[in-house]
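If you want the building blocks of each chain, they are given just below.
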Amino acid sequence: MKKLIIVTCMIILASCSTVKQKSQQQEVESQDKLLLATLWYQKSAEMRAIYYQCFRNAETALTANLAREGITKPAAVVLDIDETVLDNSPFQGWQVIENKAFNYTDWSRWVELARAEPLPGAVEFTRYADSLGVEVFYVSNRTVAEMGPTIRNLAGMGFADADSTHMLFKTNTSSKIERRALIEENYEIMLLVGDNLADHSGTWEKRTDDNGIPAVDADRDMFGTRYIVLPNPMYGNWLNELLKHSEGGSSREKLVRLLETF
Ligand SMILES: [Mg+2]
């Protein structure tokens, strides 16, 4: 009997250590993909130029959309927050240096600091919309508990409408469909800005193994007119869905398997 108990304990201990090793391995592996993407985001002049270009395009599109006939409700624009108006790349950089996978405890520490820098052109765009009498709504998957520091951060950087009546944060679902519908009860959304196509339409919340690409081709007239898309090579639905639809052990194996080559 004693022997049986000892053997059982050894098996449990061995399996615990395998689980621990596995999770440590996953943490290390999962950070590979962040290095180059984060450096591009933080250090390339191209990144800054693209953000300026997109927000300039957003101003032109907003002006044109406001001139349309048949607008019966007050006008609004909808913006995502993370990697749309606020730059959280220092958090990604920290993940690489510390070799830590994304987790909400560390993320909340970063959010609490309320010191994310505004992305190039973002503050100016919200102030431009405001100057035209357009309400600015922030539809974000930050949690309601993170609203205080987020408002401090946005208001401190000079964003328009940085108050709780203009923030629709995540409660029970990451889907933004219902939150957009809530805004549309009283406003006409003239433009949507985000780094993830799910910020623009429910079409791209779940992607099949076509990665949502045919749907982009089908909706091509919306881009630059109603949808403004910003670049985020670090994370997003594009990456989660790729990993979901690829087989392999480590995330690196899965990603390499997806590459096209000649
Ligand atoms: Mg975002």
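The structure displayed is predicted, hence computed values, not measured ones.

**With respect to the overall build of the protein**
- Across its full length, the protein carries 11 helices and 7 strands.
- Counting the 262 residues in the protein, one finds 42% classified as buried.
- Sequence separation of at least 24 residues holds for 75% of the intrachain contacts in the protein that already meet a minimum separation of 6.
- When the accessible surface of the protein is summed, it comes to about 14,900 Å², and 57% of that surface belongs to carbon and sulfur atoms.

**What about the sheet that holds strand β1 (residues 75-79)?**
- Pairing in this open sheet of 5 strands is parallel, and the strands run β5-β4-β1-β6-β7 from one edge to the other. Single-partner strands in this sheet number two, and they are β5 (167-170) and β7 (227-229). Neighbour to neighbour, the strand axes of the sheet diverge by 20° on average, direction disregarded.
- Where β1 and strand β6 (residues 188-194) come together, 5 bridges link them in parallel fashion. When the sheet's bridge partners are listed, Val 77 is paired in β6 with Leu 191.
- Those strands touched by helix α3 (residues 45-66) are β1, β6 and β7, and its axis lies near 170° from that of β6.
- Contacting β1, β4 (135-143) and β6, helix α6 (residues 122-131) crosses the sheet at an angle of about 165° to β1.

**A few points about the side chain of Arg 180**
- Position of Arg 180 relative to the elements: it lies in helix α8 (residues 177-184).
- In this structure Arg 180 is buried but unpaired, with Glu 205 as the nearest side chain of opposite charge at 4.5 Å.

**Description of the coordination of the magnesium ion**
- Distances from the magnesium ion to its protein donors, Asp 80 (OD), Asp 82 (O) and Asp 195 (OD), fall within 2.1 to 2.2 Å.
- Sequence spacing among the residues donating to the magnesium ion works out to D-x1-D-x112-D. Note on accessibility: Asp 80 and Asp 82 belong to one class, buried.

**Section: the pairing of β5**
- Summarising the sheet, β4 and β5 pair through 3 bridges and their orientation is parallel. Residue pairing in the sheet places Tyr 138 in a bridge with Met 167 of β5.
- In this fold, the crossover linking β4 to β5 by way of helix α7 (residues 147-156) has right-handed handedness.

**A word on the pattern of salt bridges**
- The full count for this structure, using the stated rule, is 7 salt bridges.
- Measuring nitrogen to oxygen at the nearest pair gives 2.8 Å for the salt bridge that ties Asp 82 to Arg 142. Residue Asp 82 is located in the loop between β1 and β2 (86-87), and its partner Arg 142 is located in strand β4; the two are separated by 60 residues in the primary sequence.
- Salt-bridge contacts for Glu 241 lead to Lys 244; the nearest nitrogen and oxygen are separated by 3.1 Å. Separated by 3 residues within a single helix, Glu 241 and Lys 244 lie in helix α10 (residues 237-244), roughly one turn from each other.
- The class for Glu 241 is buried, based on a relative accessible area of 6%.
- Overall, Lys 244 belongs to the exposed group, its relative accessible area being 57%.
- Connected via shared salt-bridge partners are Asp 80, Lys 176 and Asp 199.

**Digging into the packing of aromatic side chains**
- Per the counting criterion, the structure on display carries 12 aromatic pairs.
- With a centroid separation of 6.0 Å and an interplanar angle of 45°, the aromatic rings of Phe 102 and Trp 107 are classed as tilted.
- Classification of Phe 102 by relative accessible area gives partly exposed; the value is 44%.

**Some points on the environment of Ser 140**
- Here Ser 140 shows up in strand β4.
- As a C-alpha pair, Ser 140 and Asp 82 span 58 residues in sequence and 7.5 Å in three-dimensional space.
- Residues in contact with Ser 140, not counting those within four places in the same chain, are Asp 80, Ile 81, Asp 82, Leu 168, Phe 169, Lys 170, Lys 176 and Arg 179.
- Of the polar contacts made by the side chain of Ser 140, one reaches the backbone nitrogen of Arg 142; its length is 2.9 Å.

**Here's the deal with unusual backbone geometry**
- For Glu 83, which is not glycine, the phi dihedral falls at a positive 65°.
- Note on placement: Glu 83 falls in the loop between β1 and β2.
- Glu 83 gets classed as buried once you look at its relative accessible area, which sits at 0%.
- One non-glycine residue, Asn 99, lies in the positive phi region at around 55°.
- Note that Asn 99 resides in the loop between α4 (89-98) and α5 (104-113).
- On the accessibility criterion, Asn 99 (32% relative accessible area) is partly exposed.

Criteria and thresholds
- Within any chain, residue numbers begin from 1 and follow the written order of that chain's sequence.
- Two thresholds apply to this predicted model, a pLDDT of at least 70 for residue-level local features and 80 or more for giving and counting side-chain atom pairs, whereas whole-chain, interface and lining totals are computed over all residues.
- In computing side-chain values, all of the structure's heavy atoms are included and hydrogens and water are not.
- What counts as a helix is a DSSP run of H or I of at least four residues, what counts as a strand is a run of E of at least two, and both are numbered from the N terminus.
- Remark: exposure states derive from per-residue accessible area (1.4 Å probe, protein chains only) relative to the maximum for the residue type, with buried under 20%, exposed over 50%, and partly exposed in between.
- Working rule for contacts: check all heavy atoms of both residues, and any pair within 4.5 Å makes them a contact.
- Areas reported here follow the Shrake-Rupley algorithm with a probe of radius 1.4 Å; residue values treat only the protein chains shown as occluding.
- At least two bridges found by DSSP between two strands is the condition for calling them paired.
- Angles run from 0 to 180 degrees between N-to-C directions of axes, and those axes are lines fitted to C-alpha atoms, restricted for helices to the stretch in contact.
- This count recognises Lys and Arg as positive and Asp and Glu as negative, with His and chain-terminal groups excluded.
- Salt bridges are identified by distance alone: a Lys or Arg side-chain nitrogen within 4 Å of an Asp or Glu carboxyl oxygen.
- Water is not part of the atom set, so a site may look incomplete; the donors themselves are N, O and S atoms within 2.8 Å of the metal, or 3.2 Å for Na, K and Ca.
- Call a crossover right-handed when, viewed with both strands pointing away from you, the route from the first strand across the helix to the second goes clockwise.
- Think of it this way: a Phe, Tyr or Trp ring, Trp meaning its six-membered ring, pairs with another when their centres are within 6.5 Å, and the plane angle makes it stacked under 30 degrees, edge-to-face over 60, tilted otherwise.
- The term polar contact refers here to a pair of N or O atoms within 3.5 Å; inside protein, the definition further demands a hydrogen-donor-capable atom paired with an acceptor-capable atom, and it admits residues adjacent in sequence only when both atoms are side-chain atoms.

So far we have only geometry, and geometry alone does not tell us how the molecule works.
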